[in-house]
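What follows is each chain in one-letter form.
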Amino acid sequence: MTLFNLNDLHLFVQAVDSGSFTAAARHLGIPKSTVSKRVAELEARLGVRLIQRTSRSFALTELGREFFQHAQASIIEAEMAEGIVRRHLAEPAGSVRLTASVPTAQFTLTEHLPALAARYPKLRLSVHVTDRFVDIVQEGFDIALRSHRGPLPDSALVQRKLASHPFYILASPDYVNAHGEPLRPEELAEHVTIMTSLTENQWRLYSDGGDEVLVTLHSVMAADEPYVLMEMAVSGLGITCLPTSVCRKALAGGRLVRVLPEWTAGSIETTILMPHRRGQLPAVRAVVDFLAERLAAPHNSLSRN
């Protein structure tokens, strides 16, 4: 029975994850020749070719893809075993890769990173910010922080809901002073509104008492990015609708005020997604538990009044 050198498996997995021996060597801080030689020795010990490589291409063979999945699982299991010991001896350590959209990173995540670094100084967090869809399993991420209005699709990923943020109806104090404040949802039609799209002309509103109403609006300006929407409203251009995750600081600082304070326009959820095995690693669990604690804390929510 062949006993694998765990370091060789690690170099093989790193080479596949990085897409080349050169990139893997750069990431690990070792010579490219070391990575290439160790992978070749692994193939020789197995008696099969795992990677087809030429000067211009680098691709797993069919057997190599299957072997990679098990090798990757073995590395994760080894990390988990090491983490069990580390958890008893010291605080969480190691690298954690997290991906989030631009608004989620900007409004939900960023302000908490200094506290995370202070609590776990041996932990290294890599944050990848993008608005494209990220397949966290295929791209090797430990955590995805997602904000979403509807339910997330069923998948093999572990989901942990962190927070719910209602959408408030908002305007600047200057706008309210100049144009008055609507007292009923229907009166929004008499005001200038700022939407996410010029083709959008309705909001579905929900009252604290359980009522629901669909209001038609007069939209004169639009932006598909929440920061821009917020700044438009702050400058007095009109009334807009934003989740509390975005508008919390502007409300607290008096740059925005709620109009129709007994009404909201639904809510947006913040959820963490993790591959099952990665979610069991101590460093990943530490980040997830920290975010769950911080995002559910009172200072991240606002009174409805």
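Residues numbered from 1 in each chain as written. Predicted model: local features only at pLDDT ≥ 70, side-chain atom pairs only at ≥ 80, totals over all residues. Heavy atoms only, no water.

Asker: What's the story with the packing of helix α2 (residues 21-28) against helix α3 (residues 32-46) in this structure? I'm lost.
Answerer: When two helices pack together, you describe them by how their axes are tilted relative to each other and by the distance separating the axes. Close contact between α2 and α3 brings their axes to 8 Å; oriented N to C, the two are set at 115°. Helix-helix and strand crossings are classified by hand; for α2 and α3 the assignment is right-handed. Along the contact surface, α2 presents F21, T22, A24 and A25, while α3 presents K32, V35, S36 and V39. Grouping the constituent residues of the contact of α2 with α3 by class yields five nonpolar, two polar and one charged. (Axes fitted to C-alpha atoms, helices over the stretch in contact; angles between N-to-C directions. Helix = DSSP H or I, 4+ residues; strand = E, 2+ residues; numbered from the N terminus. Left-handed = near helix turned anticlockwise from the far one by under 90°. Contact = heavy atoms within 4.5 Å. Nonpolar A, V, L, I, M, F, W, Y, C, P; charged D, E, K, R; others polar.)

Asker: What exactly am I supposed to notice about the packing of helix α1 (residues 6-18) against α3 here?
Answerer: Packing of α1 against α3 leaves a shortest axis separation of 9 Å and a crossing angle of 115°. Here α1 is positioned roughly perpendicular relative to α3, judged by the angle of their axes. At the point where α1 passes α3, the crossing takes the left-handed sense. Across the interface between the two elements, N7, D8, L9, L11, F12 and A15 from α1 touch V35, R38, V39, L42 and R45 from α3. Of the residues assigned to the contact of α1 with α3, the class counts are seven nonpolar, one polar and three charged. (Parallel < 35°, antiparallel > 145°, perpendicular 65-115°, else oblique.)

Asker: I tried to follow the pattern of salt bridges on my own but got confused; where do I start?
Answerer: Between side chains of opposite charge, a pair can form as their charged atoms come close. On inspection of all chains with the given rule, the structure shows 13 salt bridges. For E187, the salt bridge is made with R184, and the minimal N-O distance between the two is 3.6 Å. Here E187 falls in the buried class, since its relative accessible area comes to 18%. The exposure class of R184 is partly exposed, given its relative accessible area of 45%. A salt bridge links R204 to E212; its shortest N-O distance comes to 2.8 Å. Each of D8, R38 and R45 takes part in a single network of salt bridges with overlapping partners. (Salt bridge = Lys/Arg side-chain N within 4 Å of Asp/Glu carboxyl O. Buried < 20%, exposed > 50% of the residue type's maximum accessible area, 1.4 Å probe, protein only.)

Asker: Help me understand the side chain of T270, please; the structure alone is not making it clear to me.
Answerer: Considering the arrangement of structural elements, one finds T270 in strand β14 (residues 267-274). The exposure class assigned to T270 is buried, which follows from its relative accessible area of 0%. Apart from residues no more than four positions distant in its own chain, T270 is found in contact with T108, L145, R146, S147, K161, L162, A163, H165 and L295.

Asker: Honestly, the sheet that holds strand β13 (residues 263-264) in this entry has me stumped. Any pointers?
Answerer: Strand pairing in a sheet relies on backbone hydrogen bonds, with the paired strands running either antiparallel or parallel. Taken together, three strands build an open sheet; the order of strands is β9-β8-β13 and the sheet is antiparallel. The sheet terminates laterally at β9 (212-216) and β13, the two strands that pair on one side only. Direction of pairing for strand β8 (residues 202-207) relative to β13: antiparallel, over a ladder of two bridges. Following the sheet pairing, Y206 is matched in β13 by T264. (Pairing = 2+ DSSP bridges.)

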